[in-house]
Amino acid sequence: MDAERLEALGSLPMTIVVVDSMYFYANYLPDNVYILSPDAVNCAEKTVEVLLRKGHRRIGFVRNEPRSEYNDLYRKTLIAAMKREGIEFGPERIFSSTIRSWESSLDAAVQLTENNLDQIKKLGLTALIYKSSSGALVTLKTLKEAGLPVPDRISVIGEGERDLYRYLTPGLTVVTMDYEKLGCTAVDIVLGKLKPKNHNLFFPQHLIERESVKDLTKNGMDAPQFSE
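Everything quoted here is computed from the prediction, not taken from an experiment.

## Comments concerning the packing of helix H2 (residues 40-53) against helix H3 (residues 69-84)
Working step 1: Contact geometry for H2 and H3: axes closest at 8 Å, N-to-C directions at 40 degrees. In terms of orientation, H2 lies oblique with respect to H3. In terms of crossing hand, the pair formed by H2 and H3 is right-handed. Between H2, through Ala40, Val41, Cys43, Ala44, Glu45, Thr47 and Val48, and H3, the contact on the second element is made entirely by Tyr70, Leu73, Tyr74, Thr77, Leu78, Ala81, Met82 and Arg84.
Working step 2: Among the residues making up the contact of H2 with H3, the classes are represented as eleven nonpolar, two polar and two charged.

## Re the environment of Val17
Working step 1: One can find Val17 in strand S1 (residues 16-19).
Working step 2: Take Val17: its relative accessible area is 18%, and that puts it in the buried class.
Working step 3: Each C-alpha atom of the pair Val17 and Thr176 lies 21 Å from the other, and the pair is 159 residues apart in sequence.
Working step 4: Ignoring any residue separated from it by four or fewer positions in sequence, one finds Val17 in contact with Tyr34, Leu36, Ala186, Ile189 and Val190.

## Regarding the layout of surface pockets
Empty space left among the atoms is revealed by rolling a probe the size of a water molecule over them.
Working step 1: Of the volumes computed, that of the largest pocket is approximately 400 Å³.
Working step 2: Lining the largest pocket are 20 residues; nearest its centre among them are Asp20, Glu65, Ser132, Glu159 and Tyr179.
Working step 3: For the lining of the largest pocket, the secondary-structure elements that each account for two or more residues are H3 and helix H6 (133-138).

## Details of a nonpolar patch on the surface
Working step 1: A contiguous nonpolar patch, built from Val187, Val190 and Leu191 and spanning about 270 Å² of accessible area, is present on the exposed surface.
Working step 2: If you trace the backbone, Val187 turns up in helix H8 (residues 179-190).
Working step 3: With relative accessibility at 44%, the residue Val187 sits in the partly exposed group.

## A look at the packing of aromatic side chains
Working step 1: All told, the structure shown has two aromatic pairs when counted by the stated rule.
Working step 2: Ring plane angle 75 degrees and centroid distance 5.1 Å describe the contact between Phe24 and Phe202, whose orientation is recorded as edge-to-face. Placement of Phe24 in the loop between S1 and strand S2 (33-38) and of Phe202 in strand S8 (residues 200-203) is noted, with a sequence separation of 178 residues between them.
Working step 3: Judged by relative accessible area, which is 40%, Phe202 ranks as partly exposed.
Working step 4: Ring centres of Phe61 and Tyr74 lie 5.8 Å apart, and the angle between their planes is 45 degrees; this geometry places the pair in the tilted category. One end of the pair, Phe61, is in strand S3 (residues 59-63); the other, Tyr74, is in helix H3, with 13 residues separating them in the sequence.

## Observations regarding the nonpolar core
Working step 1: By size, the foremost hydrophobic cluster in this structure holds 23 residues, and its most contacted members are Leu51, Ile59, Tyr74, Leu78 and Ile129.
Working step 2: Only H2, S3, H3 and strand S5 (127-130) provide two or more residues apiece to this core.
Working step 3: It is H2 that provides the largest number of residues to this core, a total of seven residues.
Working step 4: Sequence-distant contacts of Leu51, that is, excluding residues within four places in its chain, are made with His56, Ile59, Ala127, Ile129, Ile157 and Val213.

## Some remarks on unusual backbone geometry
Apart from glycine, the bulk of residues carry a negative phi angle, and the bulk of peptide bonds sit in the trans form.
Working step 1: The linkage connecting Val150 with the following residue, Pro151, adopts the cis geometry, with an omega of 5 degrees.
Working step 2: For Pro151, the location among the structural elements is in the loop between helix H7 (140-145) and strand S6 (155-159).
Working step 3: Between Thr169 and Pro170 the backbone carries a cis peptide bond, its omega angle lying at 5 degrees.
Working step 4: In this structure, Asp20 takes a positive phi of about 60 degrees despite not being glycine.
Working step 5: Along the chain, Asp20 falls in the loop between S1 and S2.
Working step 6: The class for Asp20 is partly exposed, based on a relative accessible area of 30%.

Cut-offs and rules
Residues numbered from 1 in each chain as written. Predicted model: local features only at pLDDT ≥ 70, side-chain atom pairs only at ≥ 80, totals over all residues. Heavy atoms only, no water. Axes fitted to C-alpha atoms, helices over the stretch in contact; angles between N-to-C directions. Helix = DSSP H or I, 4+ residues; strand = E, 2+ residues; numbered from the N terminus. Parallel < 35°, antiparallel > 145°, perpendicular 65-115°, else oblique. Left-handed = near helix turned anticlockwise from the far one by under 90°. Contact = heavy atoms within 4.5 Å. Nonpolar A, V, L, I, M, F, W, Y, C, P; charged D, E, K, R; others polar. Buried < 20%, exposed > 50% of the residue type's maximum accessible area, 1.4 Å probe, protein only. 1 Å grid on protein atoms, 1.4 Å probe; cavity = no way out; pocket = protein on both sides within 12 Å on 5 of 7 lines; lining within 4 Å. Points joined across faces, edges and corners; volume = space filled by probe spheres on them. Patch = residues over 30% accessible without salt bridge, like charges linked within 9 Å, V, L, I, M, F, W, Y side chains within 5 Å. Areas by Shrake-Rupley, 256 points an atom, 1.4 Å probe, with all protein chains shown as cover. Salt bridge = Lys/Arg side-chain N within 4 Å of Asp/Glu carboxyl O. Phe/Tyr/Trp six-rings, centres within 6.5 Å; stacked < 30°, edge-to-face > 60°. Core = buried A, V, L, I, M, F, W, Y, C linked by side-chain atoms within 4.5 Å.

Dropping the structure here:
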């Protein structure tokens, strides 16, 4: 939303809450407008933590969602967290392309994975971070057909939980926000029960560990070796 639209919202005689926003509008928000967003920094940090804890040091990132303030901050945090931990995470490990808001992020996940299979194998990557869990889900078949079954040859992790993910084989490891808390907060603000001083609210995320991330620290496991 541009400044003109925000100003129009500010003129309305009601409280307005933007839920699950990928943009933050930190420079200007009317007194009656609140922006509720997932915490990108918290999400990226939790993603890196679980992969490193399970022994992964060769990690790639598939940005299968359109650019936004949230997604840019998430990517920057991934890079900073990897650098802090001494993990190589340069451009050759970040698989990205232009994805427009009206295009399919699922198709983008499959296409980016297919286009970079040779690079994934060449680098000996043991884990792929997908910007969205749905993107990780739809590439399970692609990776298996390429000789990289999850989690035996490569691990995957994404952002966002759905009930379906715990019924998959393997179950999908995700970092996700508490959407019930987000919704309740939005309602409380609209009803006037809650009046936060900060109009940009960020909600922490939590990790749900399942089988799609293999623990390489068990039994002296190391990165899989790929044969040409």
